[in-house]
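Results of the structural survey
In case you want the letters, here they are:
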Amino acid sequence: MGWLDAILGRSKPAPPDLDALFALPSAAVTLRAATGLEPTGLGSVAFRAAEGAAFAAAERDARALLGDRVEESADGYGYTWLLVRRPPEASADLVTELHAVNSTLEGAGFGPSLLCSLVSFADPARDRRLAVVYLYKRGSFYPFAPLGDERRDNALELQVRGVLAGELPIEPDLGRWFPVWGAPGL
């Protein structure tokens, strides 16, 4: 960032830090204690597939790391989603596998193609769902709580922001808390 950017009030976004994903298992314990939301064992990575053999090889390598625990799907915006399934009590293993997918694509030079990663939580007794979403390009997390009919539980999202603020780098700009309607695993 140059001096002109500072004068004009422009800021440089935080660089991606994939190791921040490893804070999710301990954040899950805090989230469970404060809100009753439990890990579902589902997580996913979204990226925009690129053309060419190099990207196909990187994607194939990422899928090979996960074996039969991964399902691929595409959304209406042109993003590919890799959904990973693990037992709910194996959140550390889930995060490790999501990190491996992100790292494989980033290491092959396709970091700009990564959109986000998410880990799902649920409270079936109160019929609530939540995803903790990691924005790759911002290096930050935000909560997303769908209610159905493309409505969000904003109160729950703000509550979770407060609960996780000391655990994860939370995205400060609420305008960047994009909905991920229909994300696999949510």
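Residues numbered from 1 in each chain as written. Predicted model: local features only at pLDDT ≥ 70, side-chain atom pairs only at ≥ 80, totals over all residues. Heavy atoms only, no water.

Thoughts on the nonpolar core
The condition that has to hold: Working definition of a nonpolar core: buried Ala, Val, Leu, Ile, Met, Phe, Trp, Tyr and Cys residues. They are joined through side-chain atoms within 4.5 Å. Note on exposure labels: buried denotes an accessible area under 20% of the residue type's maximum, exposed denotes more than 50%, and partly exposed covers the range between, all computed with a 1.4 Å probe on protein chains only. The criterion used for residue contact is that any of the two residues' heavy atoms lie within 4.5 Å.
Residues Val132, Phe141 and Val180 are the most contacted members of the largest nonpolar core, which totals 50 residues. Dropping the residues within four chain positions of it, Phe141 is found in contact with Ala20, Leu21, Leu24, Val132, Val133, Tyr134, Leu168, Pro169, Ile170 and Glu171.

Some remarks on the packing of helix 3 (residues 53–66) against helix 4 (residues 91–110)
Let me state the cut-off plainly: With axes taken as lines fitted to C-alpha atoms, and helix axes fitted only over the stretch in contact, angles between N-to-C directions fall between 0 and 180 degrees. Helical segments are the DSSP runs of H or I of at least four residues, strand segments are the runs of E of at least two, and each set is numbered from the N terminus. Angles below 35 degrees are treated as roughly parallel, those above 145 as roughly antiparallel, those between 65 and 115 as roughly perpendicular, and all remaining angles as oblique. The hand of a helix crossing depends on one turn: near helix anticlockwise from the far one by less than a right angle means left-handed, and clockwise means right-handed. Throughout, the ten residues Ala, Val, Leu, Ile, Met, Phe, Trp, Tyr, Cys and Pro are labelled nonpolar, Asp, Glu, Lys and Arg are labelled charged, and all others, Gly among them, are labelled polar.
Viewed as axis vectors pointing N to C, helix 3 and helix 4 meet at an angle of 160°, and their least axial separation amounts to 9 Å. What the angle tells us is that helix 3 and helix 4 run roughly antiparallel. The chirality of how helix 3 crosses helix 4 is right-handed. Within the contact between the two elements, helix 3 uses Ala54, Phe55, Ala58, Glu59, Asp61, Ala62, Leu65 and Leu66 and helix 4 uses Glu97, Ala100, Val101, Thr104, Leu105, Ala108 and Phe110. When its residues are assigned to classes, the contact of helix 3 with helix 4 shows eleven nonpolar, one polar and three charged.

Here's the deal with the environment of Val132
Summarising the element assignment, Val132 is placed in strand 5 (residues 128–135). In this structure, Val132 is in contact with Leu24, Leu31, Ser117, Leu118, Val119, Phe121, Phe141, Tyr142, Leu164 and Leu168, ignoring residues within four places of it in sequence.

Details of unusual backbone geometry
Both trends apply: most residues other than glycine have a negative phi, and most peptide bonds are in trans. For Asp127, which is not glycine, the phi torsion reads 50° and is therefore positive. Here Asp127 is to be found in the loop between strand 4 (114–123) and strand 5. Of the residues examined, Asp127 reaches a relative accessible area of 71% and is grouped as exposed. The phi torsion at Asp149 lies on the positive side, around 50°, for a residue other than glycine. Among the secondary structure elements, Asp149 is positioned in the loop between strand 7 (146–148) and strand 8 (151–152). Asp149 gets classed as exposed once you look at its relative accessible area, which sits at 74%.

Regarding the sheet that holds strand 2 (residues 70–74)
In plain terms, the rule: We call two strands paired when DSSP finds no fewer than two bridges between them.
Strand order in the open sheet formed by six strands is 2-3-1-4-5-6, with antiparallel pairing between adjacent strands. Both edges of this open sheet fall to strand 2 and strand 6 (140–144), since each of them pairs with a single strand only. Looking at each pair of strands side by side, their axes are set apart by 20° on average, direction ignored. Inspection of the sheet shows strand 1 (residues 38–47) paired to strand 3 (residues 80–85) by six bridges, in the antiparallel sense. Bridge assignment links Gly43 to a residue of strand 3, and that residue is Val84. Each of strand 5 and strand 6 is contacted by helix 5 (residues 154–164), which is oriented at about 55° to strand 5, the strand it contacts most.

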